[in-house]
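Below are the chains, spelled out letter by letter.
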Amino acid sequence: MFEFRIIAQCPKTGARAGEFVTPHGIIHTPVFMPVGTLATVKAMSPRELEEIDAQIILGNTYHLYLRPGPDVITKAGGLHNFMNWGRPILTDSGGFQVFSLARLQKITDEHVLCRSHIDGSMLTMSPEWSMKMQGVLGSDIAMCFDQCTEYPTTHEKAEEAVRRTTLWAERSRSYFMAHNDPERQALFGIVQGSVYDDLRLRSAEEITGLDFPGYAIGGLSVGESHAAMYHALDVLDEVMPRQKPRYLMGVGYPLNIVEGIARGIDMFDCVMPTRNGRNATVFISSGRLNMRGKSHADDFSPLDPECDCYTCRNFSRSYLRHLAMCGEILGSRLFTWHNLRFTIRIAERAREAIIAGTFPEFLRDFTEKFHDENEDNNSDS
RNA sequence: GGUGGAAUGGCCGAGUGGUCAAUGGCAACAGACUGUAAAUCUGUCGACGGGAGUCUACCAUGGUUCAAAUCCAUGUUCCACCA
């Protein structure tokens, strides 16, 4: 179980196509994984996710611990059964909430004391707590409990996070090996280090030294420039084992995905397709569109003529804008549907190109075609 | 016919002498969103001007006052109740 096979590699870039074997099926990489924090990919049913070829989705340890809680998940027979999703699931450890809920908590080496964002009650998060809960969830891939640093951050703080992330990775691993089932669940390590090369290298060395079946890169896509993100990936490409799957956490902006693939990343996840979809912003071949814009009011063409999704094959921009302006739930669903399919297809197309030996051309064409002012404005601060 | 009440910016609706180009909300327009405290959040929202500022505005007309969306008179329209 959890064998990772590389079936094709790009001779000019670091891109590769692979297969990762899990208890709920083989994941074909590169892959984009929709985020389903609360045991649902917002606005989409499992059947619809299958239709758009979502191979694996995420769930979140922190959120599912609070609601519905481990008892209900246990009685349900695990997260797959609970939400009726038969394909692989990856669970995040709650480590990202150490970052996103920073105002509600106190971090020490021992644990993270956190106030529930729901009712303010106290909860103690730790590597052991996370492994136990991820065992209850029964995900195919569990993540180490890590400390994601904010951006910008000082070298000193980033170093502390690296040190703590390694400490927590050791504890995650040791609890996991003792109490979870390594035949049914793979535990991935996470590399931190912010934008500091020396810390990235050190973190990679320490984490890969623990011999996990896969490795994630955390602490990126938190506000740094795209150039800084790519630089970190370049630095890590040299030192992370190539025979193991690599997962770039939180990345889902279209250009970031193709650039990530070019740097040897196999797995991505991001809330952007779902969240932006709900907020009426879509990604199409030529860039991004705010579908609330008046310019779409009488545009009866599809969102993206090149897209094969249900939304693009059946509805006009005019109608979709109307749904958005009225706050209709169908608008959120159709935009989410498109964004997810579009993003998943980026990974699919990259994979096809890698196998066909044309990845450099794909990368060039995609980048030339996809225009976004945001990309140019995203500079280092 | 009588009595009482009300008329405010695209809409709803605060404001009862100066700090009011006028609180709020909605609509509209624009923007943001990267391991989801997000079907959320931010900005603009009378006209002209780069700005200082100027002009036009709270039903209409006239008046009181240094000063009126706010007070008075008349008119118009609407609402409620009584005949």
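Residues numbered from 1 in each chain as written. Chains lettered and ligands numbered in written order. Predicted model: local features only at pLDDT ≥ 70, side-chain atom pairs only at ≥ 80, totals over all residues. Heavy atoms only, no water.

**Re the pairing of strand β6 (residues 89-92)**
Here's step 1: On β6, burial covers both faces: I89 and T91 on one face and L90 and D92 on the other are all buried.
Here's step 2: In the sheet, strand β5 (residues 57-60) pairs with β6 via 4 bridges, with the strands oriented parallel. By the bridge assignment for β6, N60 is matched with D92.
Here's step 3: Sheet topology note: the β6/strand β10 (residues 141-143) ladder contains 2 bridges and is parallel. Within the sheet, the bridge partner assigned to T91 lies in β10 and is A142. (Buried < 20%, exposed > 50% of the residue type's maximum accessible area, 1.4 Å probe, protein only. Helix = DSSP H or I, 4+ residues; strand = E, 2+ residues; numbered from the N terminus. Pairing = 2+ DSSP bridges.)

**Observations regarding the pairing of strand β4 (residues 31-34)**
Here's step 1: Because side chains alternate across β4, one face comprises the buried residues V31 and M33, and the other comprises F32 and P34, equally buried.
Here's step 2: Of the pairings in the sheet, the one linking β4 to strand β14 (residues 267-270) comprises 4 bridges and is parallel in character. Bridge pairing in β14 places F32 opposite F268.

**Quick word on the sheet that holds strand β12 (residues 215-217)**
Here's step 1: Strands sit in the order β4-β14-β13-β12-β11-β10-β6-β5 across an open sheet of 8 strands; the sheet is parallel. Unpaired on one side and paired on the other, β4 and β5 mark the two borders of the sheet. Neighbour-to-neighbour, the strand axes of the sheet open up by a mean angle of 25°, direction not taken into account.
Here's step 2: Both β12 and strand β13 (residues 246-248) contribute to a ladder of 3 bridges, which runs parallel. Counterpart to Y215 in the pairing with β13 is R246.
Here's step 3: Against the sheet, helix α6 (residues 127-137) makes contact with β6, β10 and β11 (186-191), and its axis sits at roughly 160° relative to β10, the strand it touches most. (Axes fitted to C-alpha atoms, helices over the stretch in contact; angles between N-to-C directions. Contact = heavy atoms within 4.5 Å.)

**Points about the protein's contact with RNA strand B**
Here's step 1: The local shell around RNA strand B holds 46 residues, among which C148, M249, V271, T274 and R278 are the closest.
Here's step 2: Those atoms of RNA strand B that come within 4 Å of the protein belong to sugar or phosphate at a rate of 50%.
Here's step 3: A distance of 2.6 Å is found between a base oxygen of RNA strand B and a side-chain nitrogen or oxygen belonging to H226.
Here's step 4: At 2.4 Å from a base oxygen of RNA strand B is found a side-chain nitrogen or oxygen belonging to T274.
Here's step 5: At the level of secondary structure, the elements contributing two or more residues to the surface near RNA strand B comprise β5, α5 (95-100), β14, α11 (272-278), β16 (287-290) and α13 (317-325).
Here's step 6: Within the surface near RNA strand B, the residues separate by chemical class into 15 nonpolar, 21 polar and 10 charged. (Near = heavy atom within 4 Å. Polar contact = N/O pair within 3.5 Å; in protein donor to acceptor, adjacent residues only side chain to side chain. Nonpolar A, V, L, I, M, F, W, Y, C, P; charged D, E, K, R; others polar.)

**Description of unusual backbone geometry**
Here's step 1: Residue P30 is reached from T29 by a cis peptide bond, and omega for that bond is 0°.
Here's step 2: When you line up the elements, P30 lands in the loop between β3 (25-29) and β4.
Here's step 3: In this model, R67 is joined to P68 through a cis peptide bond whose omega is 10°.
Here's step 4: Looking at where P68 falls in the secondary structure, it is placed in the loop between α2 (61-66) and α3 (70-76).
Here's step 5: The phi dihedral of A39 is positive, around 65°, even though this residue is not glycine.
Here's step 6: Mapped onto the secondary structure, A39 falls in the loop between β4 and α1 (46-51).

**A few points about the pattern of salt bridges**
Here's step 1: With the rule as written, the count across this model stands at 22 salt bridges.
Here's step 2: We note a salt bridge from E19 to R5, for which the minimum N-O separation is 3.0 Å. Taken together, the residues span a long stretch of sequence, with E19 in strand β2 (residues 16-22) and R5 in strand β1 (residues 4-9) at a distance of 14 residues.
Here's step 3: Given a relative accessible area of 17%, E19 falls into the buried group.
Here's step 4: Judged by its relative accessible area of 29%, R5 is partly exposed. (Salt bridge = Lys/Arg side-chain N within 4 Å of Asp/Glu carboxyl O.)

**With respect to the packing of aromatic side chains**
The description of an aromatic ring pair uses the distance of the two centres, along with the angle that the planes make with each other.
Here's step 1: Enumeration according to the criterion identifies 16 aromatic pairs in this entry.
Here's step 2: With 4.9 Å between their ring centres and 35° between their planes, F145 and W168 make a pair best called tilted. One end of the pair, F145, is in the loop between β10 and α7 (155-179); the other, W168, is in helix α7, and 23 residues separate them in sequence. (Phe/Tyr/Trp six-rings, centres within 6.5 Å; stacked < 30°, edge-to-face > 60°.)

**A look at the domain arrangement of chain A**
Here's step 1: Taken domain by domain, chain A holds domain 1 (3-270) and domain 2 (280-366).
Here's step 2: For domain 1 and domain 2, the distance between their C-alpha centroids amounts to 26 Å.
Here's step 3: Between domain 1 and domain 2, the residue contacts involve 36 residues of the former and 24 residues of the latter.
Here's step 4: Each partner contributes to the roughly 2400 Å² buried at the junction of domain 1 and domain 2, and carbon and sulfur atoms together form 76% of this total.
Here's step 5: Taken together, the links from domain 1 to domain 2 amount to 2 salt bridges.
Here's step 6: Put simply, R333 and E48 hold a salt bridge, and the shortest N to O gap is 2.8 Å.
Here's step 7: Linking domain 1 with domain 2 are 6 residue pairs in polar contact (both at pLDDT 80 or more), by the criterion used here.
Here's step 8: When residues of the side of domain 1 that touches domain 2 are traced back to their parent elements, those giving at least two are β1, β2, β3, β4, α1 and α10 (254-262).
Here's step 9: Ranked by the residues each element gives to the side of domain 1 that touches domain 2, the list is headed by α10, at 7 residues. (Domains from an automatic or database assignment. Buried area = accessible area lost by both parts, 1.4 Å probe.)

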